[in-house]
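Coordinate analysis (summary)
Spelled out, the chains give:
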Amino acid sequence: LTGEELGAVWAPDGESIVFAATTRRHTAAYAFHGTQLYQAPAAGGEPRALTNGEDSYSRPTFRPDGKALYCRYEVHNGKPYNLERVARFPWPFAPQRAAVTGGFDRSVSTFALSPDSKTLYLLAEEAGHEKLFSVAAAGGEVRPAMEMTSGVYTNLAVPERAPSALVFANWESAVIPAD
């Protein structure tokens, strides 16, 4: 398995890790090579593929309540540009992918879940700005989390064990350094 950014996360029971990797990196010079999700026992051993096929998966993240695995995914349909979306799988893992941001017409750059496991916050580019959006963790309409007219947000983080949703991000613009 190879991958530049594994994005490994501990499974809720602490017995395994989940990560994204590819076994087809040798095709990168001439063809699309997607990444899949794998699970490896913490005690060691061979990882098992959780996903397969042509679609690409990255940035696995467990919902704070441990009942679902979220990740970014890109459908590979032969077109030169495809949106990065957020998918949800039940945990323990079952291959029933549900699109959380399926109707959203923007590519998701990063995402984080609220401590109560009910809301997904995400960053996506819109009109030259990297804006903060939110959507129900089960999926639905993606809405702006606040009005934004300048700059970009990066480094989105939501503490898992906070008493309520605390959203942290860096903000910067072309004339103001990151805050």
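Owing to the predicted nature of the structure, the values given are computational and were not obtained by experimental measurement. (Residues numbered from 1 in each chain as written. Predicted model: local features only at pLDDT ≥ 70, side-chain atom pairs only at ≥ 80, totals over all residues. Heavy atoms only, no water.)

1. Some thoughts on the overall build of the chain
Condition: The way it works is that DSSP assigns letters per residue, a run of H or I at least four long becomes a helix, a run of E at least two long becomes a strand, and they are numbered from the N terminus. Our radius of gyration looks at C-alpha atoms and nothing else; its globule reference is 2.2 Å times the residue count to the power 0.38. Throughout this description, buried means an accessible area under 20% of the type-specific maximum (1.4 Å probe, protein chains only), exposed means over 50%, and partly exposed covers the range between. Note on contacts: a residue pair qualifies if any of its non-hydrogen atoms lie within 4.5 Å across the two residues.
If you tally the helices and strands in the chain, you get 0 helices and 14 strands. Along the chain direction, N to C, the helices and strands of the chain fall in the order β-β-β-β-β-β-β-β-β-β-β-β-β-β. For 179 residues, the compact-globule formula gives about 16 Å, and the C-alpha radius of gyration of the chain, at 17 Å, lands near that figure. If one aligns the C-alpha atoms of the chain with their principal axes, the spans along those axes are about 50 × 45 × 30 Å. Relative to its 179 residues, the chain shows a buried fraction of 41%. For the chain, contacts bridging at least 24 residues in sequence account for 31% of all contacts bridging at least 6.

2. What to know about the sheet that holds strand β5 (residues 56–62)
Selection rule: Should DSSP find at least two bridges between two strands, the strands are taken to pair.
Within the open sheet, the 4 strands sit side by side as β5-β6-β7-β8. Their pairing is antiparallel. Edge strands, defined here as strands with exactly one partner in the open sheet, are β5 and β8 (98–99). Where strand β6 (residues 68–74) and strand β7 (residues 84–90) come together, 7 bridges link them in antiparallel fashion. Bridge pairing in β7 links Glu 74 to Glu 84.

3. Structural notes on the confidence of the model for the chain
What counts here: The pLDDT value expresses, per residue, how confident the predictor is, ranging between 0 and 100.
This prediction gives the chain a mean pLDDT of 89; 91% of its residues lie at or above 70. Averaged pLDDT values over the elements of the chain bottom out at 91 in strand β14 (residues 168–172) and peak at 97 in β7.

4. As for the side chain of Arg 63
This is how it is decided: Polar contact is defined as a pair of N or O atoms within 3.5 Å, subject to the rule that within protein one atom must be able to donate a hydrogen and the other to accept it, and that residues adjacent in sequence are counted only when both atoms are side-chain atoms.
Summarising the element assignment, Arg 63 is placed in the loop between β5 and β6. At 2.9 Å, the side chain of Arg 63 and the side chain of Asp 65 are in polar contact. When near neighbours in sequence (up to four residues on either side) are disregarded, Arg 63 contacts Ala 68, Tyr 70, Arg 88, Leu 113 and Ser 117.

5. Describing the pairing of strand β11 (residues 129–136)
Of all 8 residues that make up β11, 7 are buried, and the element is covered over most of its length. When strand β10 (residues 119–126) meets β11, the two strands line up antiparallel, connected through 8 bridges. Paired with Thr 119 across the two strands is Ala 136, which belongs to β11. For β11 and strand β12 (residues 143–144), the ladder comprises 2 bridges, and the chain directions are antiparallel. From the neighbouring strand, Ser 134 faces β12, where its bridge partner is Arg 143. Adjacent in sequence and paired antiparallel, β11 and β12 are bridged by 6 residues, among which Gly 139 carries a positive phi angle near 110°.

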